[in-house]
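Secondary and tertiary structure notes
Listed below are the residues making up each chain.
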Amino acid sequence: MIQKHKGILTVVSGFSGAGKGTIMKKLLADHPDRYALSVSATTRRPREGETDGVEYFFRSREEFERMIADEALIEYAEYVGNYYGTPRRYVAEQLDAGRDVILEIEIQGALKIKRRFPDALLLFVMPPDAKELKHRLSGRGTEPVDVIASRLERAVKEAEGIGEYDYLVINDVLEECVEEVHSIIKNEHRRVTRNAERIRAMQEDLASLNSGPQRGEQS
Ligand code: ADP
Ligand code: 5GP
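Read on for a plain summary of the structure. (Residues numbered from 1 in each chain as written. Chains lettered and ligands numbered in written order. Predicted model: local features only at pLDDT ≥ 70, side-chain atom pairs only at ≥ 80, totals over all residues. Heavy atoms only, no water.)

Taken across its six residues, strand E8 (residues 121–126) has five buried, putting it largely inside the fold. In this structure, strand E1 (residues 9–14) lies alongside E8, joined through five bridges in parallel fashion. Bridging from a neighbouring strand, valine 11 pairs with leucine 122 of E8. The pairing of E8 with strand E9 (residues 167–170) spans four bridges and is parallel. Looking across to E9, one finds that phenylalanine 124 is bridged to leucine 168. (Buried < 20%, exposed > 50% of the residue type's maximum accessible area, 1.4 Å probe, protein only. Helix = DSSP H or I, 4+ residues; strand = E, 2+ residues; numbered from the N terminus. Pairing = 2+ DSSP bridges.)

Below, the structure is given as structure tokens:
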């Protein structure tokens, strides 16, 4: 039961090229003990410099479909012609260990997570404006022009779903954005509904304090 653990299941979505990967890399480098980034499985081809098991587990369609059949994924979706999904085991293990687990996933998967784990925290990352998004996506130089066009079209659809998220983060100055993501997650731990056990323990302690010997009384 993922909701009962100390760590917060955090979903980060945003248009392709918004800077999610860059933000997550820095967040994890700044706070290595606090966060765990889930590595997804995908059927898309590795980009230059990507390694199996690091950025993704790169799998064939057949292998991916077997993972679906085995219920090894907590969610999956199709995005611009490829499957992407979140392996179950790592997420459960890391939440158990008290880490905040980050899923960097697209919107259909994010909404499945929210339905399945209502305690999940959903963040949406946006660039300062649409022109900058196109500039970043082309500047990354990892996709051909037709794929960039499909991803920008997809962004129009994704923008319709932002209302389902809990927080909007603008990725303008990278360092500020990373700090903001960290603050949101940190503050989320202070939410009263996430501290039921601590509150109950305090109530019990107070009750036993009051039922014990009164101050100045001989025992
Ligand atoms: P995503 O994971 O959302 O698809 P990336 O992290 O790959 O996006 O970032 C897309 C491109 O934008 C990369 O070339 C990255 O270096 C650049 N980038 C990310 N954040 C910023 C920022 N705050 N300012 C300028 N460029 C950025
Ligand atoms: P990319 O091909 O740029 O690495 O990722 C394309 C999109 O797939 C991004 O929006 C990314 O967040 C999303 N994505 C990555 N992993 C997963 C996953 O496990 N599940 C879902 N639903 N989306 C994912």
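What follows picks up the thread again.
What follows covers the side chain of arginine 44. With respect to the element layout, arginine 44 can be found in the loop between strand E3 (40–42) and strand E4 (56–58). For arginine 44, a relative accessible area of 9% corresponds to the buried category. A distance of 2.8 Å separates the side chain of arginine 44 from the side chain of glutamate 50, its partner in a polar contact. If near-sequence neighbours (up to four positions away) are discounted, arginine 44 is found in contact with Glu50, Tyr56, Phe58, Asn82, Tyr84 and Arg151. (Polar contact = N/O pair within 3.5 Å; in protein donor to acceptor, adjacent residues only side chain to side chain. Contact = heavy atoms within 4.5 Å.)

Another aspect to go through is the nonpolar core. Grouped together as the largest cluster of nonpolar side chains are 38 residues, with contacts concentrated most on Leu9, Leu103 and Ile113. Contributions of two or more residues to this core are made by E1, helix H1 (20–30), strand E2 (35–37), helix H3 (88–96), strand E7 (100–104), helix H4 (107–116), E8 and helix H7 (174–188). Listed in part, the five residues of the second largest apolar core include Phe64, Met67, Leu73 and Tyr83. (Core = buried A, V, L, I, M, F, W, Y, C linked by side-chain atoms within 4.5 Å.)

Looking at ligand 2, there are 16 residues lining it, with Ser40, Arg44, Tyr56, Glu75 and Tyr84 nearest. One of the side-chain N or O atoms of arginine 47 is found 2.8 Å from an oxygen atom in ligand 2. Glutamate 75 places a side-chain nitrogen or oxygen 2.7 Å from a nitrogen atom of ligand 2. Here ligand 2 has 510 Å² of accessible area as a free molecule, and 95% of this is covered by the chains. Contributions of two or more residues to the shell around ligand 2 are made by strand E5 (73–79) and strand E6 (82–87). Residue composition of the shell around ligand 2, by class: five nonpolar, four polar and seven charged. (Near = heavy atom within 4 Å. Areas by Shrake-Rupley, 256 points an atom, 1.4 Å probe, with all protein chains shown as cover. Nonpolar A, V, L, I, M, F, W, Y, C, P; charged D, E, K, R; others polar.)

Now for the site of ligand 1. Looking at ligand 1, there are 14 residues lining it, with Gly17, Lys20, Thr22, Arg140 and Asn171 nearest. Within the backbone of alanine 18, an N or O atom sits 3.3 Å from an oxygen atom of ligand 1. Contacts to ligand 1 include asparagine 171, whose side-chain N or O atom sits 2.8 Å from a nitrogen atom. Relative to its free-state accessible area of 570 Å², ligand 1 is covered by the protein chains to the extent of 73%. Within the residue set of the shell around ligand 1, elements represented by two or more residues are H1 and helix H5 (130–140). Among the elements that take part in the shell around ligand 1, H1 stands out by supplying three residues, more than any other. Partitioned by chemical class, the residues of the shell around ligand 1 number three nonpolar, six polar and five charged.

The next thing to look at is the sheet that holds E9. A sheet is described by the order of its strands in space; here five strands give the open sequence E2-E7-E1-E8-E9, paired in parallel fashion. With partners counted over all chains shown, the strands left at the sheet margins are E2 and E9, one partner each. The sheet shows a mean angle of 25 degrees between the axes of neighbouring strands, direction not considered. Relative to E7, E1 runs parallel, the two being bridged by four bridges. Each bridged residue has a counterpart across the sheet, and for valine 12 the counterpart in E7 is glutamate 104. The strands touched by H3 within the sheet are E1, E2 and E7, with E7 carrying the most contacts at an inclination of about 150 degrees. (Axes fitted to C-alpha atoms, helices over the stretch in contact; angles between N-to-C directions.)

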